[in-house]
Amino acid sequence: MSHETVLHKVRTALGRTAAQSVEALPPARLLVPEMDVEARIRSFCERVEALAGKTHRAHSAQDARDYASRVIAGRTAIASNATILSECGITSLPGVQAGFTDRDELRALCSSAACGITGADYALADTGTLVLLSSLHEARLISLLPPVYIAVVERNRLLTGLDELLTILPRPAEQTSSMVLITGPSRTADIEQILVRGVHGPGEIHVVVV
Amino acid sequence: MSAAFDEKIHETLTDPKLQLAIYKATGRLVEERRKSIEPDVCPDYQELRTHAHAIKRHTIEHLDHYLEEFTRQVEAHGGQVIFSKDAEEASDFVLSLAKERRAHLIVKSKSMTTEEIDLSERLEHHQLESVETDLGEYIIQLAHERPYHIVAPALHKTREQVADLLTERLGVPRETVIEKQTMIARAVLREKFLAADIGISGANFLVADSGTVVIVENEGNARLTTSAPRIHIAVAGIEKLIPRAQDLAVFLKLLGRSATGQRLTVYTSFLSGPKRGDEIDGPDEFYVVLLDNGRTKLLADRGKRQSLYCIRCGACLNHCPVYRKIGGHSFPWVYSGPIGAILIPQFLGVRHEPGLPFASSLCGACAEVCPVKIDIPRILLELRSEVKKAEAREGAGRLERLAFRIWAWVMRHPRIYEMAGMAAASLAPSESAGWVRHAPFNVGPLRAWLSQRDLPPPAAKSFRQLWRER
């Protein structure tokens, strides 16, 4: 349609010609502070809790599994194909269904399950953020449709913050069609500025650090 | 100022409930922002602003280059980029795609750009159901209104008004508890998400080096819009480009803080093309509609093209003493507040609403809080001068120009100035306040101006006299 017309108008407006070179771009501003793993975990948990999320530091796979089991409390749950979940034995908990590779099946279950369980590719200590890259292991809808969300993060996956994430992954598009940063439960304040959690996404979020 | 503008302002000023709603909501947003940029939580806030300005400036100055790079990258990831010169072309693309794919139901996530081109109305005109899914946008869609605020579209609605709307439009029992109202909307919209054929989103940033559409939100409706349906269309203005994904380290920190005082919003999605080979879910088709709709006209103006740096955080609205009194619907287009006052004249022409650039006290709060440092007051001044030039071309404002010419002449002649001062002093009764409203020059255009102003009574002796007698 108007591809060339719009580009031509842009160039005319700027007084530039097609394929004219570009001045040096200001360097990216990425500051990665020194922070040991223990401090990262502390900061991460503090931030998640400040946003009304729950955190649990699991000292073993069994502990992670027990915590997940308490949250699920006999309800239905759908788990992603993240290896950490099967390693902790969460996928074999009663009521938990996992191993989906078909979009329609996954969607049907996500819209009826009470809990969604995923791993996390990274977590950001300074904002309490989970980072999920869509893949064979992680579907998009598990962290989104069920009202309760449980994420299991390995402690060595904790980064200091967004700057470190973008240092490690300068172009997330090379890895996945979808990278999402999740910072706390879904929320809105659209009516009279009153905070309500769980408007479209999960209103309850639990993060287990293993 | 047009009669319509004047009337809308008057309506807002005389509605005490609305005044309170605007005052409370903007006040809360101001406070949240302030807390989130305090030195102990964000020590480099000013450096971030400076850097963001530099990146935006660089991108806008080389926009053609970044548009081409973005297009190549989107295509490399299996998506498609569609350039549209105006609202009609953009909606025609959506309509023809919907027709080809036999789509009936469209879910939309919040986007000022689609509001700008009235996309929902255009789609509904062609028998397509297009549902807004952001809670605030859903409410104003039910009410058939336009957004009241860039980030809080239903800021002006009370829970009682929302209760009436839900009952009237959805036939549900009247519900005034906000949590329950939210859950009613959640249930209705959840069905729509799962049944929708197409999801239409906006974009907060378009990343040139990776062909990525970045969307920030708190509710999860944008994630659902871009993940559940088989087709995702992102509609964005051409100015939304940034060069690198790494630049988001600066912009995401500024956007959440400036808009709602959040360090990061709940969800930030980086979307790069359709679902890939082994990914389980996500759309099969991915389109980015890049909209001109007047932006290239604006780009041609070297002095004012920085208006295109805006990242739509709404901070200038919340901090503006004028917006906080006259609200969002007084403005004649979807953009309101200080940013609206500079965008509307540039998009629609200065004569569309000549009063706009003057609806400002030039206090400078907007420039002070702008995360990308747009010099809004300077642009307002330039637009004022353009309005006056346009009026002069049309032969309007003769009396005003004559008055200012006389004023200038008096000011350049000290003797005349002193005589004029003495004459004014002799006219004024020496004590009572409000004397100017009874003075003989309180007629014609001056009458309106003086109705809201006062002058202290002149002193018995002028400064010059005192100086001479010293």
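Residues numbered from 1 in each chain as written. Chains lettered and ligands numbered in written order. Predicted model: local features only at pLDDT ≥ 70, side-chain atom pairs only at ≥ 80, totals over all residues.

S.K.: Could you give an account of the interface of chain A and chain B, with specific residues and numbers?
M.R.: Taken together, the 60 residues of chain A in the interface contact 79 residues of chain B. Listed by contribution, the elements that provide at least two residues to the side of chain A that touches chain B are helix H1 (3–14), helix H5 (103–110), helix H6 (162–168), strand S9 (178–182) and strand S10 (187–188) of chain A. Residue classes in the side of chain A that touches chain B are distributed as 30 nonpolar, 18 polar and 12 charged. Alignment of S9 of chain A against strand S9 (residues 267–271) of chain B, held across 5 bridges, turns out to be antiparallel. Each residue of the ladder has a partner; that of Ile182 of chain A, found in S9 of chain B, is Tyr267 of chain B. (Contact = placed C-beta atoms within 7 Å. Helix = DSSP H or I, 4+ residues; strand = E, 2+ residues; numbered from the N terminus. Nonpolar A, V, L, I, M, F, W, Y, C, P; charged D, E, K, R; others polar. Pairing = 2+ DSSP bridges.)

S.K.: Explain the sheet that holds strand S8 (residues 158–159) of chain A to me, using residue names and the numbers behind them.
M.R.: If you trace the 8 strands from one edge of the open sheet to the other, you get S8(A)-S5(A)-S6(A)-S9(A)-S9(B)-S6(B)-S5(B)-S8(B), paired in mixed fashion. With partners counted over all chains shown, the strands left at the sheet margins are S8 of chain A together with strand S8 (241–242) of chain B, one partner each. Here strand S5 (residues 122–124) of chain A pairs with S8 of chain A via 2 bridges, running parallel. Bridging across to S8 of chain A, Ala123 of chain A finds its partner in Leu158 of chain A. Sheet strands in contact with helix H12 (residues 248–260) of chain B are strand S5 (205–207), strand S6 (212–217), S8 and S9 of chain B, and its direction is about 25° off that of S6 of chain B. (Axes fitted to C-alpha atoms, helices over the stretch in contact; angles between N-to-C directions.)

S.K.: With reference to specific residues and values, describe the environment of Ser272 of chain B.
M.R.: When you line up the elements, Ser272 of chain B lands in the loop between S9 and strand S10 (285–291). Separated by 117 residues in sequence, Ser272 of chain B and Lys389 of chain B have C-alpha atoms that sit 47 Å apart. In contact with Ser272 of chain B, not counting residues within four places along its chain, are Ala173 and Ser177 of chain A together with His77, Ser210, Gly211 and Thr212 of chain B.

S.K.: I'd like a description of the environment of Ile90 of chain A, backed by residues and values.
M.R.: Residues and elements named next belong to chain A. Topologically, Ile90 is positioned in the loop between helix H4 (83–87) and strand S3 (96–97). Owing to 27 C-beta atoms within 10 Å, Ile90 belongs among the buried residues under this scheme. With 28 residues separating them along the chain, Ile90 and Gln62 place their C-alpha atoms 9.0 Å apart. Contact partners of Ile90, with chain neighbours within four places excluded, come to Ala64, Arg65, Ala68, Ala79, Leu85, Val96, Ile117 and Val152. (Buried ≥ 20, exposed ≤ 12 C-beta atoms within 10 Å, placed from the backbone.)

S.K.: So what's going on with the packing of helix H3 (residues 45–61) of chain B against H12 of chain B? Which residues, and what values?
M.R.: Residues and elements named next belong to chain B. Two elements in contact, H3 and H12, have axes separated by 10 Å at closest approach and are oriented at 120°. One element, H3, and the other, H12, form an angle in the oblique class. Here the hand of the crossing between H3 and H12 comes out left-handed. On H12, the residues touching Leu48, Arg49, His51, Ala52 and Ile55 of H3 are Val250, Phe251, Lys253 and Leu254. (Parallel < 35°, antiparallel > 145°, perpendicular 65-115°, else oblique. Left-handed = near helix turned anticlockwise from the far one by under 90°.)

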